[in-house]
Protein chains: 2
Amino acid sequence: MKLASRLDHIAPFQVMAILAKARALEAAGRDIIHLEVGEPDFATPAPIVAAGQRALAEGHTFYTAAEGLIELRMALAQWYRQRYDVAVSPERIIVTTGASSALQLALGLLVEPGSEVLLADPTYPCNRHFVSLFGGTPVALPVGPDTRYQPSAAQVATAWCERTVALMLASPGNPTGTLLPSDTLAELVTLCREKGGALIVDEIYHGLTYGVDAETALRQADDAFVINSFSKYFQMTGWRLGWLVVPEGWQEPAIRLAQNLFLCPPAPAQQAALAAFEPATLAILEERRAEFARRRDFLLSALPALGWKLPLVPEGAFYLYADVSAVTDDSFAYCQRALDEVGVAITPGVDFGEYGAKRHVRVAYTTGVARLAEAVERLATLRG
Amino acid sequence: MKLASRLDHIAPFQVMAILAKARALEAAGRDIIHLEVGEPDFATPAPIVAAGQRALAEGHTFYTAAEGLIELRMALAQWYRQRYDVAVSPERIIVTTGASSALQLALGLLVEPGSEVLLADPTYPCNRHFVSLFGGTPVALPVGPDTRYQPSAAQVATAWCERTVALMLASPGNPTGTLLPSDTLAELVTLCREKGGALIVDEIYHGLTYGVDAETALRQADDAFVINSFSKYFQMTGWRLGWLVVPEGWQEPAIRLAQNLFLCPPAPAQQAALAAFEPATLAILEERRAEFARRRDFLLSALPALGWKLPLVPEGAFYLYADVSAVTDDSFAYCQRALDEVGVAITPGVDFGEYGAKRHVRVAYTTGVARLAEAVERLATLRG
Ligand SMILES: Cc1ncc(COP(=O)(O)O)c(C=O)c1O
Ligand SMILES: Cc1ncc(COP(=O)(O)O)c(C=O)c1O
């Protein structure tokens, strides 16, 4: 029996190896500060949990429609109206098993063997693999602080070829936390339309922006594929619930593919998520958002003392993407040392692509300021 | 923007259209008897629900390892020991988001563009699509009552070619409910080994067998890929939880692929499933199994009066696959009429393949005997 060759092109997440090693060190009695984990450190807000428990008591344990509960799709449409003042019909919203399934679904609808898909480097690592899964080729667009780590229209225009079927963006991005500027989005929307390609925008970190609200791509582009999730802002990572907004006319094939790939998203999670938009829940989430802002601001002021360069202030997510070239020329080895020698777990740039990967690390501020301060102190001892 | 051509080859499930129409008729006041739905009519047993509620209260709302909780993998290993007297190491068990994700994972590990995979016709419709997803070609093996609707070794040997990478079986099968005879399995295991191909066995209906227990393929073939789920016997369909057992040595790539495709299976479901093997749960499940057996026996005795042929007694699942050629030469039209004229929803053979599809319907006995009896009475008025 032979392993399919796609596995040759799927690198393990270094962050998982680091997490595993961190856990092993903890089991051996070491105190580890976790700045590697890409999920909020807050458990799901109580009103959502209570709704989930109630749903279980009421026997909501059966398959739902493949596209999700209509009540939830209507609540999401209402959310787009209320938060973004954008009209999205519930029929265009497909509830999925996390943004992971939404990404897979969008690419399954668009990518043929031989297709090319443009995406930023650095980016969320699974994106590349979802493209390859369907026989497509991911084409990396190296991005830096000059464009807020987002592709520019000129760059996309140059990279676009006749095999290109889509451009994938994320705003705020992972690992960089930066928003796509509104005028860049406008240019990219126009470009994708001219080229006849699809625009896919991952908005999973919406809600987690500080001092500014993110605009949905749907405001400018009714024909975009927009991915989102209950994982991050709503702090429901483990429940596995997300959604995909498709352009008018794409619902039927999207639902057909979702039926076959997933049957349906988790029913208890869908019931629980109905409580995600209640004022009591939103009050909790906004408090936590403020806490993330405090953490970001702390790190932005403290990290430069380590010699780390943070060339811009990222507006969102819970990541800082730092240039550590002043302290190391191999960020992977540096992350290993940080964990081994001072018990601080951070993620090397190599998890997110190739461009500048050896010069960068990602710090997730998914722990409180006191621990962040201690992490900075420990890392200071590692220098030189 | 162009829809990927894979969507040309994915037919919608007729059963979903029938279900939707049945619901619409119900909304208009009609009484519909549902014999189309492929899930138990029982809500998840109370001890599992209680464990799920407890887990939520305790804050188990975070991502888990991609391969699932080690406690659950150990419980599954223990289940193989206790139920089947087979040793399976927990490391070989990958917890997944339903059997759906387990099927996708197994085929993602094995299928290259150009690969062929052999499977029965009729079979569970998603299987074909999972093969195509990875660029493979599903090759149908027409099966009938003479081989208990399971492929024979001779048939597999004839169909095998140099592009063949795997044989997919299901025991008990959907839509036929039949077990793979133990000696046929032995022949197929030998054949796959000789050919250097993988044997994939879907055991999702294990536990739901009547008067006989199903043997896991793992007893004969430690090198098989075995798919299972908490959906059917454990009645956790909506929770989305299943598992894949991989041969020794395949864990690492399997986990790597699972990480990228799914991140992890639902955390509350995993915690809840820890209660699935408790004596109190098993007592409930065994009562329900007895109820399914009564329903099957009732239909086996009642349906022949309609002129439907049931050439064998299926040992498991909750389906009967009936030859209705004495009453129609178009089972699809017949199913439409059954729903429209007498309010009985059944699934046409066409959902499961091509071979004999127009002569067959699938009846799911996922409702009580009284309703089954009424369904038979109603269908009797449809004849002629
Ligand atoms: C940018 C981005 N997209 C998608 C995902 C997938 O998240 P989920 O499947 O939990 O919604 C993640 C998770 O970290 C992410 O960072
Ligand atoms: C034979 C078979 N395999 C797999 C599945 C998928 O089930 P799940 O994803 O709910 O575990 C089904 C569902 O009906 C099935 O009948």
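All of these numbers come straight from a predicted model, not from anything done at the bench.

Each value, and the rule that gives it
- Residues numbered from 1 in each chain as written.
- Chains lettered and ligands numbered in written order.
- Predicted model: local features only at pLDDT ≥ 70, side-chain atom pairs only at ≥ 80, totals over all residues.
- Heavy atoms only, no water.
- Helix = DSSP H or I, 4+ residues; strand = E, 2+ residues; numbered from the N terminus.
- Rg over C-alpha atoms; globule rule 2.2 N^0.38 Å.
- Buried < 20%, exposed > 50% of the residue type's maximum accessible area, 1.4 Å probe, protein only.
- Contact = heavy atoms within 4.5 Å.
- Lys, Arg positive; Asp, Glu negative; His and termini not counted.
- Charge placed at Lys NZ, Arg CZ, Asp CG, Glu CD.
- Pairing = 2+ DSSP bridges.
- Axes fitted to C-alpha atoms, helices over the stretch in contact; angles between N-to-C directions.
- Expected span 1.5 Å × (residues − 1).
- Arc of directions from axis to C-beta.
- Polar contact = N/O pair within 3.5 Å; in protein donor to acceptor, adjacent residues only side chain to side chain.
- Phe/Tyr/Trp six-rings, centres within 6.5 Å; stacked < 30°, edge-to-face > 60°.
- Least-squares fit on C-alpha atoms with pLDDT ≥ 70 in both.
- UniProt positions renumbered as here; feature names shortened; annotations may be inferred.
- Buried area = accessible area lost by both parts, 1.4 Å probe.
- Salt bridge = Lys/Arg side-chain N within 4 Å of Asp/Glu carboxyl O.
- Nonpolar A, V, L, I, M, F, W, Y, C, P; charged D, E, K, R; others polar.
- Right-handed = clockwise from strand over helix to strand, strands pointing away.
- Near = heavy atom within 4 Å.
- Areas by Shrake-Rupley, 256 points an atom, 1.4 Å probe, with all protein chains shown as cover.
- Parallel < 35°, antiparallel > 145°, perpendicular 65-115°, else oblique.
- Left-handed = near helix turned anticlockwise from the far one by under 90°.
- Core = buried A, V, L, I, M, F, W, Y, C linked by side-chain atoms within 4.5 Å.

Enquirer: Before we move on, could you go through the overall build of chain A and cite the residues and values that matter?
Expert: For chain A, the count of helices and strands is 13 helices and twelve strands. Over its C-alpha trace chain A gives a radius of gyration of 21 Å, about what one expects of a compact globule, namely 21 Å for 384 residues. Each principal axis of the C-alpha atoms in chain A carries an extent, and together these give about 60 × 55 × 50 Å. Across the 384 residues that make up chain A, the buried fraction comes to 65%. Of the contacts formed within chain A by residues at least 6 apart in sequence, a portion of 74% connects residues at least 24 apart. When the 32 positive and 42 negative side-chain charges of chain A are each reduced to one mean point, those points stand 4 Å apart.

Enquirer: Break down the sheet that holds strand S3 (residues 116-121) of chain B for me, citing the residues and quoting the values.
Expert: Residue and element names in this part refer to chain B. The seven strands are arranged S2-S8-S7-S6-S5-S3-S4 in an open sheet whose pairing can be described as mixed. The open sheet has two edge strands with one neighbour each: strand S2 (93-96) and strand S4 (137-142). Averaged over neighbouring strand pairs, the angle between their axes works out to 20° when direction is ignored. Of the strand pairs in this sheet, S3 and strand S5 (residues 164-170) are connected by four bridges, and their pairing is parallel. Bridge pairing in S5 places Leu119 opposite Met168. Its contacts with the sheet place helix H7 (residues 182-195) against S5 and strand S6 (198-202), and it is angled at close to 145° to S6.

Enquirer: Account for helix H12 (residues 331-342) of chain B, naming residues and giving values.
Expert: Residue and element names in this part refer to chain B. The terminal C-alpha atoms of H12, which comprises twelve residues, lie 15 Å apart, in line with the 16 Å expected from a rise of 1.5 Å per residue. Ser331, Tyr334, Cys335, Ala338, Leu339 and Val342 are the residues of H12 that are buried. The buried residues of H12 all sit within an arc of 135° when viewed along its axis, so they share a single face. The inward-facing, buried residues of H12 abut helix H1 (14-27), strand S10 (344-345), strand S11 (347-348), strand S12 (360-364) and helix H13 (369-380). N-cap assignment for H12: the residue whose side-chain oxygen lies 3.1 Å from the backbone N of Phe332 is Asp330. Where H12 ends, the next residue or the one after it, Gly343, has phi of about 70°, a positive value.

Enquirer: Which residues make up the packing of aromatic side chains, and what are the values?
Expert: Applying the stated criterion to the full structure yields 36 aromatic pairs over all chains. Through a chain of ring-to-ring contacts, the aromatic side chains of Phe42(A), Tyr205(A), Tyr210(A), Phe292(A), Phe318(A), Tyr319(A) and Tyr365(A) assemble into a single cluster.

Enquirer: Could you give me a rundown of the relation of the copies chain A and chain B, with the residues and numbers involved?
Expert: Rotating chain A by 180° and translating it 0.0 Å along the rotation axis places it on chain B, where the RMSD comes to 0.0 Å. Look at the turn and shift together and you get a two-fold axis relating the two. For chain A, the residue whose C-alpha comes nearest the rotation axis is Gln53(A), separated from it by 2.6 Å. Comparing interface residues between copies, 100% of those in chain A also sit at the interface in chain B, which points to an isologous, same-surface contact.

Enquirer: For the UniProt feature "domain: Aminotransferase class I/classII large" (unreviewed entry) in chain A, give the residues involved together with the corresponding values.
Expert: Sites flagged by UniProt as "domain: Aminotransferase class I/classII large" (unreviewed entry) map to residues 31-379 of chain A. Taken end to end, residues 31-379 of chain A is 40% helix and 15% strand, and its two terminal C-alpha atoms sit 14 Å from one another.

Enquirer: Now, about the sheet that holds strand S2 (residues 93-96) of chain A: what can you tell me, with residues and values included?
Expert: Residues and elements named next belong to chain A. On the basis of which strands lie adjacent, the open sheet formed by seven strands has the order S2-S8-S7-S6-S5-S3-S4 and mixed pairing. Two strands in the sheet have a free side with no partner beyond their single neighbour: S2 and strand S4 (137-142). Within the sheet, the average angular offset between the axes of one strand and its neighbour, ignoring direction, is 20°. Against the sheet, helix H7 (residues 182-195) touches strand S5 (164-170) and strand S6 (198-202), its axis set at about 145° to S6.

Enquirer: Lay out the interface of chain A and chain B with the relevant residues and their values.
Expert: With 71 residues of chain A at the contact, the number on the chain B side is 71 residues. Counting the surface lost from both chain A and chain B, the interface buries some 5700 Å², and carbon and sulfur atoms represent 60% of this. Contact with chain B buries area across many residues of chain A, yet Met1(A), Tyr63(A) and Asn260(A) alone supply 14% of it, more than any other trio. Here chain A is connected to chain B by two salt bridges. Where Glu112(B) meets Lys2(A), a salt bridge forms, and the shortest distance between an N and an O atom there is 3.9 Å. Taken together, chain A and chain B are joined by 31 residue pairs in polar contact (both at pLDDT 80 or more). When contributions to the side of chain A that touches chain B are tallied by element, the ones reaching two or more residues are helix H2 (46-57), helix H4 (98-110), helix H5 (126-133), helix H9 (251-262) and helix H10 (267-273) of chain A. Considering each element in turn, the side of chain A that touches chain B owes the most residues, seven residues, to H9(A). The class makeup of the residues in the side of chain A that touches chain B is 43 nonpolar, 19 polar and nine charged.

Enquirer: Please set out the pairing of S3(B) residue by residue, giving values where relevant.
Expert: Residue and element names in this part refer to chain B. Counting buried residues along S3, six of its six residues qualify, which places the element largely inside the surrounding structure. Relative to S4, S3 runs parallel, the two being bridged by six bridges. Its bridge partner lying in S4, Leu119 is registered against Ala140. In the classification by handedness, the crossover that spans S3, the intervening helix H5 (residues 126-133) and the parallel S4 is right-handed.

Enquirer: How would you explain the site of ligand 2 if you had to name every residue and give the values?
Expert: Close to ligand 2 lie 15 residues, the nearest being Tyr63(A), Ser100(B), Asp202(B), Ser229(B) and Ser231(B). Those residues lying near ligand 2 are distributed over chains A and B. Measuring from an oxygen atom of ligand 2, one finds a side-chain N or O atom of Ser229(B) at 2.6 Å. With the chains in place, 97% of the 400 Å² that ligand 2 exposes on its own is no longer accessible. By residue number, the principal contributor to the shell around ligand 2 is helix H4 (residues 98-110) of chain B, which donates four residues. Split by residue class, the shell around ligand 2 holds seven nonpolar, five polar and three charged.

Enquirer: Give a description of the site of ligand 1 that names residues and reports values.
Expert: By nearness alone, 15 residues border ligand 1, and Ala99(A), Ser100(A), Asp202(A), Ser229(A) and Tyr63(B) come closest of all. One of the side-chain N or O atoms of Ser100(A) is found 2.6 Å from an oxygen atom in ligand 1. Measuring from an oxygen atom of ligand 1, one finds a side-chain N or O atom of Ser231(A) at 2.6 Å. About the coverage of ligand 1: the protein hides 97% of its 400 Å² of free accessible area.

Enquirer: Let's hear about the packing of H4(B) against helix H9 (residues 251-262) of chain B: which residues, and what values?
Expert: All names here are of chain B. The contact between H4 and H9 brings their axes to 10 Å, and the two run at 125°. By the angle between their directions, the pair H4 and H9 is classed as oblique. In this structure, the crossing between H4 and H9 has a hand that is right-handed. Counting all contacts with H4, which are made through Ser101, Gln104, Leu105, Gly108 and Leu109, the residues of H9 involved are Pro253, Ala254, Leu257, Ala258, Leu261 and Phe262. Its residues assigned to classes, the contact of H4 with H9 comprises eight nonpolar, three polar and no charged.

Enquirer: Account for the nonpolar core, naming residues and giving values.
Expert: Proteins that are soluble and globular tend to have nonpolar side chains buried together. Core analysis: the biggest nonpolar cluster contains 264 residues, and Phe230(A), Trp308(A), Phe230(B) and Trp308(B) have the highest contact counts within it. If sequence neighbours within four positions are ignored, Trp308(A) has contacts with Leu303(A), Ala322(A), Asp323(A), Val324(A), Val327(A), Tyr334(A), Ile346(A), Val361(A), Val363(A) and Leu379(A).

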